[in-house]
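# Notes for the structure review
The chain contents come next:
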Amino acid sequence: MRALMVTPMTAGSVTVDEVDPPVPEEGELLIDGVALGICGTDKEIVDGEYGTAPPGHDRLVLGHESLGRVREAPPGSGFAPGDLVVGIVRRPDPVPCGPCAHGEFDMCRNGGFTERGIKEIHGYGSEQWTVPADYAVRLDPALEEVGVLMEPTTIVAKAWEHVESIGRRAWFEPRTALVTGAGPIGLLAALIGVRRGLDVHVLDRVGSGPKPDLVAALGATYHTGGVAEIAQEFALDVIIETTGAEALVLDTAVHNAADGIVCYVGLSAGRARVEVSPGRLSRRLVLDNDVLFGSVNANRRHYELAARHLAAADRDWLRGLITRRLPLDLAPRVFAEPAGDQVKVVIDL
């Protein structure tokens, strides 16, 4: 059996290797891998920036954006051979902390969680993998071509859920949303914003390629200028910042509408220096009742939300997000070549 593997903290160590087929333990499903999505997290692990192999191992099977088909399912699991499934990425802290104990392991407070393909558990980048039935989510069979988009959809499903929860602190009836970044996360955030009936605007640097067309197909508005320019024309009630770019992090903090909510889901490299007045920022937050918050990962509830969003979305539009597909043998090439105008790269397993 072949798997996409990396030596964590060692740049350029990604290879496709032969490994032993997995043997399901009690309560686990045996899955035939269908596809694997590649994202910035995978590229950072391949670049040696982080990642942790399972205890007793030097190598890590990469991949957390999964899609597979059940080969074997134990009796009473709720699954059957042939089911299309996605595996949940995070596992709760075994101690556990309070949120983990209540199924909110995406909100782990002490960092004791583990993550498939990222931290201490092999990922989904292999021809077969196993997963406990409690950490598998069934998809509509009609989503086979695009079901690999499930995990990134969970990230923004959670973000929008938390925006809604924060909005309930008072009367809140948002009309306009800005999404910064038109990568897969940003485009899926825009999809959910449109489905919520908002006037959605998407900001990105590129002026050509598939991104402007994908935004237009949603009925949203595409911009290549700056946040301040958009804020002069529209009251930005909700902002979802997906890039982690330091300048955009700051701009979204100071150009949202009064009583606005800004959610940060992009991870910054933390290398740039941006001048900011803490007093000016705190004054704006206080006087405008603004909320800035971060969101990472997702729990089972968000996977189920994401499955519903994907099932309701236009399949042709979802297919348009996947701009490149490669077989597993060629997967290392993805990390050596420039991204260009690709949106989502998928490895067929």
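We now turn to the structure provided with this report. Position numbers for residues start from 1 in each chain and track the written sequence from start to end. Restriction of local features to residues with pLDDT of at least 70 applies here, the model being predicted, together with a cutoff of 80 or more for giving and counting side-chain atom pairs; totals for whole chains, interfaces and linings are based on all residues. Side-chain metrics in this entry use all non-hydrogen atoms of the structure; hydrogen atoms and water are not considered.

## Describing the sheet that holds strand β4 (residues 60-61)
Note the following rule: A pair of strands counts as paired when DSSP detects no fewer than two bridges linking them. Put simply, DSSP H or I for four residues or longer makes a helix, DSSP E for two residues or longer makes a strand, and each gets a number counted from the N terminus.
Here 3 strands make up an open sheet; going across it, the order is β2-β1-β4 and the pairing antiparallel. Only two strands of the sheet have a single partner each, and these edge strands are β2 (15-18) and β4. Where strand β1 (residues 2-6) and β2 come together, 4 bridges link them in antiparallel fashion. Bridge assignment links Ala-3 to a residue of β2, and that residue is Asp-17.

## Some thoughts on the packing of helix α3 (residues 150-167) against helix α4 (residues 184-195)
To characterise two packed helices, one gives the angle between the axes of the helices and the distance between these axes. We apply this condition: Axis geometry follows a simple rule: fit a line to the C-alpha atoms, using only the stretch in contact for helices, then measure angles between N-to-C directions, giving values from 0 to 180 degrees. What sets the label is the angle itself: under 35 degrees gives roughly parallel, over 145 gives roughly antiparallel, 65 to 115 gives roughly perpendicular, and the rest give oblique. Put simply, a crossing is left-handed when the front helix is turned counterclockwise from the back one by less than a right angle, and right-handed when it is turned clockwise. Here, two residues are considered to be in contact whenever any of their heavy atoms come within 4.5 Å of each other.
At their nearest, the axes of α3 and α4 sit 9 Å apart, and the two run at 50 degrees to each other. In this view, α3 runs oblique relative to α4, as classed from their interaxial angle. The crossing of α3 and α4 is right-handed. Side by side, α3 and α4 meet where Pro-152, Thr-153, Ile-155, Val-156, Ala-157 and Trp-160 of the first sit next to Ile-185, Leu-188, Ala-189, Ile-192 and Gly-193 of the second.

## Section: α3
Heads up, the rule is: One less than the residue count of a helix, multiplied by 1.5 Å, gives the span that helix is expected to have. Between buried and exposed lies partly exposed: a residue is buried under 20% and exposed over 50% of the maximum accessible area for its type, with that area taken using a 1.4 Å probe on protein chains only.
The end-to-end C-alpha distance of α3 is 25 Å, a good match for the 26 Å that 18 residues give at a rise of 1.5 Å each. α3 sits mainly inside the fold: 15 of its 18 residues count as buried.

## Re empty space enclosed by the protein
The condition that has to hold: Definitions used throughout: a 1 Å grid over protein atoms alone; a cavity as a set of points that fits a 1.4 Å probe which cannot get out; a pocket as an open set with protein on both sides within 12 Å along at least five of seven lines; a lining residue as one with an atom within 4 Å of a point. Grid points are joined across faces, edges and corners, and a volume is the space filled by probe spheres set on the points. Residues are grouped as follows: nonpolar covers Ala, Val, Leu, Ile, Met, Phe, Trp, Tyr, Cys and Pro; charged covers Asp, Glu, Lys and Arg; every other residue, Gly included, is treated as polar.
On inspection of all chains with the given rule, the structure shows 1 cavity of 30 Å³ or more. Considered as a void within the structure, the largest cavity measures approximately 50 Å³ in volume. Forming the walls of the largest cavity are Lys-43, Arg-324, Val-334, Glu-337, Pro-338, Ala-339, Gln-342 and Val-345. Residues that form the lining of the largest cavity fall into these classes: 4 nonpolar, 1 polar and 3 charged.

## As for the sheet that holds strand β16 (residues 261-264)
Taken together, 6 strands build an open sheet; the order of strands is β14-β13-β12-β15-β16-β17 and the sheet is parallel. Where the open sheet ends on each side, the last strands, each with one partner, are β14 (221-223) and β17 (291-294). Taking each pair of neighbouring strands and ignoring which way they run, the sheet shows an average axis angle of 15 degrees.

## Overview of the layout of surface pockets
Over the atoms, a rolled probe matching the size of one water molecule traces out where space is still vacant. Volume-wise, the second largest pocket comes out at about 450 Å³. Along its surface, the second largest pocket is lined by 21 residues, and Pro-22, Arg-116, Ile-121, His-122 and Thr-130 are the ones closest to its centre. Among the elements that line the lining of the second largest pocket, the one with the most residues is strand β10 (residues 128-132), at 4 residues. Of the residues that constitute the lining of the second largest pocket, the class distribution is 9 nonpolar, 6 polar and 6 charged.

## Examining the pattern of salt bridges
Note the threshold: Take a side-chain nitrogen of Lys or Arg and a carboxyl oxygen of Asp or Glu: if they are within 4 Å of each other, that pair is a salt bridge.
Tallied over the full model, the rule gives 22 salt bridges. Of the charged contacts, one joins Arg-168 and Glu-164 as a salt bridge, the two residues approaching to 3.8 Å between their closest N and O atoms. Here Arg-168 falls in the exposed class, since its relative accessible area comes to 59%. With a shortest N-O distance of 2.9 Å, Glu-337 and Arg-324 are connected by a salt bridge. Residue Glu-337 is located in the loop between α11 (331-336) and β19 (344-348), and its partner Arg-324 is located in strand β18 (residues 322-327); the two are separated by 13 residues in the primary sequence.

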